Amino acid sequence: MSGWDEGAVYYSNQAQFTEASSEAEAAAASTTASRHSILLKFKEFIRNFEKEKNVFPYRESLVNNPKFLTVHLEDLLSFDSDLPSLLRSSPSDYLPLFETAAAEVLAGLKMKVAGDSGEMVEPQTGEVQILLTSKEDPVSMRSLGAQYISKLVKISGITIAASRIKAKATYVHLICKNCKSARAVPCRPGLGGAIVPRSCDHVPQPGEEPCPIDPWLIVPDKSKYVDQQTLKLQENPEDVPTGELPRNMLLSVDRHMVQTIVPGSRLTIMGIYSIFQASNSPTNHKGAVAVRQPYIRIVGMEETNEASSRGPATFTQEEVEEFKKFASNQDTYEAICSKVAPSIFGHEDVKKAVACLLFGGARKNLPDGVKLRGDINVLLLGDPSTAKSQFLKFVEKTAPIAVYTSGKGSSAAGLTASVIRDSSSREFYLEGGAMVLADGGVVCIDEFDKMRPEDRVAIHEAMEQQTISIAKAGITTVLNSRTSVLAAANPPSGRYDDLKTAQDNIDLQTTILSRFDLIFIVKDIRMYDQDKTIASHIIKVHASAQTVSNDSRTSKEENWLKRYIQYCRSECHPRLSEAACAKLQSDYVDIRRGMRQQANETGESAAIPITVRQLEAIIRLSESLAKMKLSYVATEGDVAEALRLFKVSTMDAARSGINQHINITPDMANEIKQAENQIKRRLGIGNRISERRLIDDLTRMGMNESIVRRAILIMHQRGEVEYQRERHIIVRKV
């Protein structure tokens, strides 16, 4: 009994503890046995799952690509009904088991190789990453709550930010500073850390100093690491309730999924809903150890292509047959145009242009790497109260992907992309703007004329090259913005003024105008018969204000049109026929000749230039018209309709406003001549005067204001006077 009084604690294994300890041992043994049996099931699944007769997809995939293995949960369910439920309820426990099973199967499948000594040895196999995928519907980001913690979830959204790659330790190598004993401590996956023990388990020898509390030093060089990256996922714009801010979710990706996603990509992800202690938690949560931030550790990810980004990508056989039957009708084009904004009276050509914009042309990739856009851009310019914004709202509801924004409330960064510093890590990351989020869809920009010129210039590249180049804060990258632009604008004076030239009414730069395929001048014409018809139509719309049955029918029609657009965009990519090419070539040359002749006669160039971009616009319109009919060839008829649309929109806009060939009566001509003489008498050569002051002076002399304005415009067209800053007039020659 020597040593019994040294202060150590002794105990005897008494009878009352026997039952409890045996229960704990039995539970541990059963857990080990069940884990082993599940490991065997996973190995059997990878080895023996047959998709077809003698086709083993997972075994072959593992041999061809030993780094990772994509597993469909539906296949796992058909093999064993218990395994998917285990993965869904405790993914953190069973996913590492699945990866261990995959690594063991891979080692068994590989042939033995010759070692250094010449003997045949087992091949070295690394870790295998398991990626899960499923056909179930994603849940809403807003519905994720505490009940989902540590469970497998599936959500979809848009990536708006991606961090740099970091090295995440899987095992931390510790060394005791007293006894130099080493230990490897596992790290929790995702954003979790390692739990370092407080004390060393080394038993000191007699005379040796015991190890103190917290003796461990971390040796970073001997620790094991994997690549890790954090992403920020935002709700799809169409899923955000009206008036709400879109929600964000932090994502963590590791190993082979790192650097596969850029901001602006639409994702559907499967992951483990986890929690972590945020370092930058608010001050009122300081010391609140129970409060944690949620994030999702991704275990499976698929990029949603533009055709399937909203609603299911698969079309049923009945739907496909219905679409093909509808496309084979003679009046398909008219039927689609009648479904475009049916509550708006008139504007037939604008509706046809909007239909072309929704379907879009064919995108082309040339052998030298140049990409030609297939998206159609449309500008509606004109008087207020001509339903321009209603067209934009209709397109926002109907297009498979759409973002609506107003010119005054949008900045260059909000439309393209912005670089933001993360408050916790202090590093810069990229956030995509409206045109990046609408990749593969439509951006509707209202009040286009109210945008600041520098903000408008920012979307030049996005409208033609369909990319957004960023070089800020050390981040140099290119984002995709393959999107159509539908813009609505008012003339500078608020209303379209026929007494002004096209340049004065369309107060936008030539560089931005040439990027619009179609430019419509929408006027509010005061005609008794037309006013009566429009009033009758609007009163009828208000009077029969959407009964329940009508509402459901309307939404069903909108949904059908959306699905049809989605099907056409994904299935049909038409090209011009040879006859259509010849017709288009001759017509384009004639248009250029006519514009040159008009410029020679009037002495000034058109407000809207007719360039090769306009030729490409007619090609896109022709392809869009063919796509509506699910035709793979754009015919001469499609080219003729595209040319007609181009002439009634852009060509008419270029010729709009006053010119020298205006029909004026002899009395009016005499009054204009008198006004010109008064202006010349009032001003000497080189003198400047405000236009408003000159008009007021001549009006006080008894002249009609419209006659004075017309006289100034005619003198301006002849080059006798010119406008300078702040609408000052300077006389050049008399």
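Residues numbered from 1 in each chain as written. Predicted model: local features only at pLDDT ≥ 70, side-chain atom pairs only at ≥ 80, totals over all residues. Heavy atoms only, no water.

Per an unreviewed UniProt entry, the recorded name for the chain is DNA replication licensing factor MCM5, and the organism is Gossypium hirsutum. What the UniProt record of the chain gives under Subcellular location (unreviewed entry) is the line "Nucleus". (UniProt positions renumbered as here; feature names shortened; annotations may be inferred.)

Chemist: When you look at the pattern of salt bridges in this model, what are you seeing that I'm missing?
Modeler: Should their charged atoms come close, side chains of opposite charge can pair. Inspection of the entire model under this criterion finds 22 salt bridges. Here Glu136 ties to Arg88 by a salt bridge, and the two come within 2.7 Å at their closest N and O atoms. Of this pair, Glu136 sits in the loop between strand E4 (129-133) and strand E5 (152-162) while Arg88 sits in helix H4 (residues 82-89), and the two are 48 residues apart along the sequence. A relative accessible area of 29% places Arg88 in the partly exposed class. Put simply, Arg700 and Asp697 hold a salt bridge, and the shortest N to O gap is 2.6 Å. With a gap of three residues between them, Arg700 and Asp697 both fall in helix H22 (residues 691-700), about one helical turn apart. A relative accessible area of 13% means that Asp697 is categorised as buried. One salt-bridge network, in which partners are shared between bridges, spans Arg692, Asp696, Glu705 and Arg709. (Salt bridge = Lys/Arg side-chain N within 4 Å of Asp/Glu carboxyl O. Helix = DSSP H or I, 4+ residues; strand = E, 2+ residues; numbered from the N terminus. Buried < 20%, exposed > 50% of the residue type's maximum accessible area, 1.4 Å probe, protein only.)

Chemist: Would you explain the side chain of Thr230 in this entry?
Modeler: Mapped onto the secondary structure, Thr230 falls in strand E9 (residues 224-234). Accessibility expressed as a relative area gives 17% for Thr230, which makes it buried. In contact with Thr230, other than residues within four places in its own chain, are Ala161, Ala162, Ser163, Lys166, Leu191, Leu250 and Leu251. (Contact = heavy atoms within 4.5 Å.)

Chemist: Is there a simple way to explain unusual backbone geometry in this structure?
Modeler: In terms of backbone geometry, most residues other than glycine have negative phi values and most peptide bonds are trans. The backbone phi angle of Lys180 is positive, close to 65°, even though this residue is not glycine. Among the secondary structure elements, Lys180 is positioned in the loop between strand E6 (166-176) and strand E7 (182-186). Its relative accessible area of 54% is what places Lys180 among the exposed residues. The backbone phi angle of Leu630 is positive, close to 55°, even though this residue is not glycine. Position of Leu630 relative to the elements: it lies in the loop between helix H19 (612-628) and strand E25 (633-634).

Chemist: What is the right way to read the environment of Phe516 from this model?
Modeler: Tracing the backbone shows Phe516 in the loop between helix H15 (510-513) and strand E23 (518-522). Its relative accessible area of 0% is what places Phe516 among the buried residues. The spacing of Phe516 and Val485 is 31 residues in sequence and 8.3 Å in space, taken between C-alpha atoms. Among all residues touching Phe516, those that are not within four sequence positions of it are Asn377, Val378, Leu379, Phe448, Met463, Val485, Ala487 and Gln614.

Chemist: Sorry, what's going on with the packing of aromatic side chains here?
Modeler: Centre distance and the angle of the planes are the two values used to describe a pair of aromatic rings. Throughout the structure, instances matching the rule amount to 11 aromatic pairs. Consider the rings of Phe276 and Tyr295, whose centres lie 5.4 Å apart with planes at 85°: the pair is edge-to-face. Here Phe276, found in strand E11 (residues 266-276), pairs with Tyr295, found in strand E12 (residues 293-303); they are 19 residues apart in sequence, far enough to count as distant. Residue classification places Phe276 among the buried positions, given a relative accessible area of 17%. Residue class for Tyr295 comes out buried when judged on its relative accessible area of 2%. Through successive ring pairs, a cluster of aromatic residues spans Phe323, Phe326, Phe359, Trp560, Tyr564 and Tyr567. Stacked on the ring of Tyr404, the Lys or Arg Lys393 has its end atom at 3.9 Å from the ring centre. (Phe/Tyr/Trp six-rings, centres within 6.5 Å; stacked < 30°, edge-to-face > 60°. Lys NZ or Arg CZ within 6 Å of the ring centre and 35° of its normal.)

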